[in-house]
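# Per-entry structural report
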Amino acid sequence: MEQVGYITKILPEDKCKVLISRISGCKGTCKTCGGCPTPTMHIVMKKTLDVSVGDYVKIGVDSSVVLKYSIFLYGFPILMFILSILLINIAFPNLKGIDLIGFVVGIFTMFLAFLIIKFVDNKYAHLSAKAMYMEEIISKK
């Protein structure tokens, strides 16, 4: 997966601030709606090339890191939801209204899983910079 970025600021410690467009799921070519707006965002990257403010760079993304994070982000809450319902049904098989209780416990457990994901994301956010890297300078200012 590759993207184009615009260098907006050079930071200390061999880092720079890069403006990128978020990738749209529909590619923005739908004739019925005129295309989706693609919002931009700033990211801080390690400056591995001799870039300056105003340069355009090709940014590569390590797909394996993105895939692992996506599996964790979407799979962990669903796994917790299903496991909590199964454990409730195994622990209390003869309880009246077990389906509703299992569902409520599953929703609560899924909420806890999202809190865990938020904690992990905040703690390891600095590792996301390793997933993106500068491949080459497309145009110099």
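Treat the numbers as computed from the prediction; the structure is a model and nothing was measured. (Residues numbered from 1 in each chain as written. Predicted model: local features only at pLDDT ≥ 70, side-chain atom pairs only at ≥ 80, totals over all residues. Heavy atoms only, no water.)

## Some words on the overall build of the protein chain
Filter applied, for reference: In this description a helix means any DSSP run of H or I spanning at least four residues, a strand means any run of E spanning at least two, and both kinds are numbered starting from the N terminus. Only protein chains enter the accessibility calculation, which uses a 1.4 Å probe; a residue whose area is less than 20% of its type maximum is buried, one above 50% is exposed, and one in between is partly exposed. We call two residues in contact whenever any of their non-hydrogen atoms come within 4.5 Å of each other. Here the accessible surface of atoms and residues is derived via Shrake-Rupley with a 1.4 Å probe, and residues count as covered only by protein chains that are part of the display.
For the protein chain, the count of helices and strands is 2 helices and 5 strands. Start at the N end of the protein chain and walk to the C end: the helices and strands fall as β-β-β-β-α-α-β. The 141 residues of the protein chain split such that 21% are buried. Taking all contacts inside the protein chain whose residues are at least 6 apart in sequence as the whole, residues at least 24 apart take part in 68%. Working note: accessible area of the protein chain is about 10100 Å², and carbon and sulfur atoms make up 67% of it.

## Things to note about the packing of aromatic side chains
Defined as follows: Think of it this way: a Phe, Tyr or Trp ring, Trp meaning its six-membered ring, pairs with another when their centres are within 6.5 Å, and the plane angle makes it stacked under 30 degrees, edge-to-face over 60, tilted otherwise.
Across all of its chains, the model carries 3 aromatic pairs by this definition. Judged by centre distance (5.0 Å) and plane angle (50 degrees), the rings of Y6 and Y56 are tilted. Taken together, the residues span a long stretch of sequence, with Y6 in strand β1 (residues 2-11) and Y56 in strand β4 (residues 56-61) at a distance of 50 residues. Its relative accessible area of 30% is what places Y6 among the partly exposed residues. Look at F81 and F103: their rings are 6.2 Å apart centre to centre, the planes differ by 90 degrees, and that puts the pair in the edge-to-face class. One end of the pair, F81, is in helix α1 (residues 63-91); the other, F103, is in helix α2 (residues 98-123), and 22 residues separate them in sequence.

## Describing a nonpolar patch on the surface
Put simply, the rule is: Exposure above 30% relative accessible area and the lack of any salt bridge qualify a residue for a patch; like charges then connect within 9 Å, and the nonpolar side chains Val, Leu, Ile, Met, Phe, Trp and Tyr within 5 Å. For this document, the term salt bridge refers to a Lys or Arg side-chain nitrogen within 4 Å of an Asp or Glu carboxyl oxygen.
A cluster of nonpolar side chains, I78, L79, I82, L83, L86 and I90, forms an exposed patch at the surface whose accessible area comes to about 570 Å². Mapped onto the fold, L79 is located in helix α1. Overall, L79 belongs to the partly exposed group, its relative accessible area being 47%.

## What about the nonpolar core?
The criterion, for reference: Put simply, a nonpolar core is a bunch of buried Ala, Val, Leu, Ile, Met, Phe, Trp, Tyr and Cys residues held in one set by side-chain atoms that sit within 4.5 Å of each other.
By size, the foremost hydrophobic cluster in this structure holds 10 residues: I7, C16, V18, I20, I43, M45, V51, V57, I59 and M134. Of all the elements in the fold, those that place two or more residues in this core are β2 (15-21), β3 (40-46) and β4. Excluding anything up to four places from it in sequence, V51 contacts I7, I10, V57, M134, I137 and K140.

## What to know about the pattern of salt bridges
If you walk through the whole model with that rule in mind, you get 1 salt bridge. Across the pair E136 and K58 runs a salt bridge whose closest N-O atoms are separated by 3.3 Å. Here E136 is found in strand β5 (residues 132-139), whereas its partner K58 is found in strand β4, with 78 residues between them in sequence. The partly exposed category is assigned to K58, whose relative accessible area is 23%.

## A few points about the confidence of the model for the protein chain
For clarity, the cut-off: The predictor reports its confidence for every residue as pLDDT, a score running from 0 up to 100.
Mean pLDDT over the protein chain works out to 83, with 82% of the residues at or above the 70 mark. At the low end of the mean pLDDT range in the protein chain sits β5, at 82; at the high end sits α2, at 90.

## Here we look at the UniProt feature "transmembrane region" (unreviewed entry) in the protein chain
Here is the rule we go by: UniProt positions are given in the numbering used here, feature names are shortened, and annotations may be inferred rather than shown by experiment.
In the UniProt entry, the feature "transmembrane region" (unreviewed entry) is given for residues 71-92 and 98-120. Helix makes up 95% of residues 71-92 and strand makes up 0%, while its end C-alpha atoms are separated by 31 Å.

## Topic: α2
Every α-helix carries 3.6 residues per turn, so stepping three or four residues along brings you back to the same face. The criterion, for reference: Expected span of a helix, by definition, is 1.5 Å for each gap between consecutive residues, and there is one gap fewer than residues.
Counted at 1.5 Å a residue, the expected span for α2 with its 26 residues is 38 Å, and the 37 Å between its end C-alpha atoms agrees. Looking at α2, one finds that the buried residues are I98, G102, G106, T109, A113 and I117. Its buried side turned inward, α2 meets α1.

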